[in-house]
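Structure at a glance
Below, each chain spelled out in residue letters.
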Protein chains: 2
Amino acid sequence: MTADAASPRFVHGADAAWTDLGGGVSRQILGYDAALMMVRVRFESGAVGALHHHPHRQATLVESGRFQVQVGHEARVLVAGDGFFAAPDVEHGVVALEAGVLVDVFAPAREDFLNRDG
Amino acid sequence: MTADAASPRFVHGADAAWTDLGGGVSRQILGYDAALMMVRVRFESGAVGALHHHPHRQATLVESGRFQVQVGHEARVLVAGDGFFAAPDVEHGVVALEAGVLVDVFAPAREDFLNRDG
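First, a word on what this report is: a plain description of the structure on this page. A quick note: this is a predicted structure, and the numbers were derived from the prediction, not measured.

The rules behind these values
- Residues numbered from 1 in each chain as written.
- Chains lettered and ligands numbered in written order.
- Predicted model: local features only at pLDDT ≥ 70, side-chain atom pairs only at ≥ 80, totals over all residues.
- Heavy atoms only, no water.
- Helix = DSSP H or I, 4+ residues; strand = E, 2+ residues; numbered from the N terminus.
- Rg over C-alpha atoms; globule rule 2.2 N^0.38 Å.
- Areas by Shrake-Rupley, 256 points an atom, 1.4 Å probe, with all protein chains shown as cover.
- Lys, Arg positive; Asp, Glu negative; His and termini not counted.
- Charge placed at Lys NZ, Arg CZ, Asp CG, Glu CD.
- Least-squares fit on C-alpha atoms with pLDDT ≥ 70 in both.
- Contact = heavy atoms within 4.5 Å.
- Salt bridge = Lys/Arg side-chain N within 4 Å of Asp/Glu carboxyl O.
- Buried < 20%, exposed > 50% of the residue type's maximum accessible area, 1.4 Å probe, protein only.
- Buried area = accessible area lost by both parts, 1.4 Å probe.
- Polar contact = N/O pair within 3.5 Å; in protein donor to acceptor, adjacent residues only side chain to side chain.
- Pairing = 2+ DSSP bridges.

**A few points about the overall build of chain A**
- Within chain A one finds one helix and nine strands.
- The linear arrangement of helices and strands in chain A, starting from the amino end, is β-β-β-β-β-β-β-β-β-α.
- Taking 13 Å as the expected radius of gyration for a compact globule of 118 residues, we find that chain A reaches 14 Å, a close match to that expectation.
- Element-wise, carbon and sulfur atoms account for 51% of the exposed surface of chain A, whose accessible area totals about 5,000 Å².
- Computing the positive centroid from 9 side-chain charges and the negative centroid from 15, chain A places the two 2 Å apart.

**What about the relation of the copies chain B and chain A?**
- Expressed as a screw operation, the relation of chain B to chain A combines 0.0 Å of axial shift with a rotation of 180°, fitting to an RMSD of 0.0 Å. These values place the two chain copies in the arrangement generated by a two-fold rotation axis.
- Comparing contact sets, 100% of the residues at the interface of chain B also lie at the interface in chain A, consistent with an isologous, same-surface contact.

**Some words on the pattern of salt bridges**
- Evaluation of the coordinates by the stated rule reveals 10 salt bridges over all chains.
- Ionic pairing is found between Arg66(A) and Glu98(A), a salt bridge with its closest N-O pair at 3.2 Å. With Arg66(A) in strand β6 (residues 57-71) and Glu98(A) in strand β9 (residues 92-107), the pair connects residues that are 32 residues apart, well separated along the chain.
- Under the relative-accessibility criterion, Arg66(A) is labelled partly exposed at 31%.
- Two residues, Glu74(B) and Arg76(B), come together in a salt bridge whose shortest N-O distance is 3.4 Å.
- Residue classification places Glu74(B) among the partly exposed residues on the basis of a relative accessible area of 33%.
- Arg76(B) gets classed as partly exposed once you look at its relative accessible area, which sits at 30%.

**Remarks on the interface of chain B and chain A**
- In this assembly, 42 residues from chain B lie in contact with 42 residues from chain A.
- Interface of chain B and chain A: buried area, both sides summed, is about 3,100 Å²; carbon and sulfur atoms make up 66% of it.
- Contact with chain A buries surface across chain B, with Arg9(B), Phe10(B) and Phe85(B) losing the most and accounting together for 26% of the total.
- Applying the counting rule to chain B against chain A returns two salt bridges.
- The closest approach of N and O atoms between Arg57(B) and Asp33(A), which form a salt bridge, is 2.5 Å.
- Across the contact surface, chain B and chain A share 16 residue pairs in polar contact (both at pLDDT 80 or more).
- Looking at the side of chain B that touches chain A, the elements that each hand over two or more residues are β1 (10-11), β3 (25-33), β4 (36-43), β6 (57-71), β7 (74-79), β8 (83-86) and β9 (92-107) of chain B.
- Here the side of chain B that touches chain A gets eight residues from one element, more than from any other, and that element is β6(B).

**What to know about the pairing of strand β8 (residues 83-86) of chain A**
- Burial of the side chains of β8(A) extends over both faces: Gly83(A) and Phe85(A) are buried on one face and Phe84(A) and Ala86(A) on the other.
- In this structure, β6(A) lies alongside β8(A), joined through four bridges in antiparallel fashion. Bridge pairing in β8(A) links Leu61(A) to Gly83(A).
- Pairing between β8(A) and β1(B): two bridges, direction antiparallel. Paired with Phe84(A) across the bridge in β1(B) is Phe10(B).

Next comes the structure, spelled out in structure tokens:
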């Protein structure tokens, strides 16, 4: 991704590709530029987003479903309308207790997603 | 907001305050640090987010409802699952054709929101 790469101004969810990440998890990229990226991540019931960390800060909203979420050494069950924030390099992960969707945003953008999904 | 200000790691939507912005629009701040902020904005039917611009880049997801959205000189009707991206200083605005909620994210964070809502 070059420094001036960016999504179109408008993204229609029905038209945007979903990338199958395996294990009942898939991801759709919405708006982004080099400094900010918004994605939706769909989880089947029981699917796992394994504990991981990255230098990008991340804010997440639970759009639907019910998730066991760990951030650092703290864990909570989150439902629609709840969210979490993972500071840079702070470990985080989720387990979908029910099928659902997370809205994840990253600053800066996840170039690795563009290379994999794009 | 100081450079190291940040939200709690977990925000429960049922507990987070809504700030009445007038005109049928209210806003709830979710996760943030100085570089990234996620908010939800609720619109009554017919409510308007007037055209404006700011140096922060913005990505938005329509969580629910139906919105007429203008970004730059381009306008679209967006529904749940659709999104838009406004580059820094690009004018944008919305009209809620039906009541609904937008998920707005900003990089860097909107310090003005913290000063007003916090």
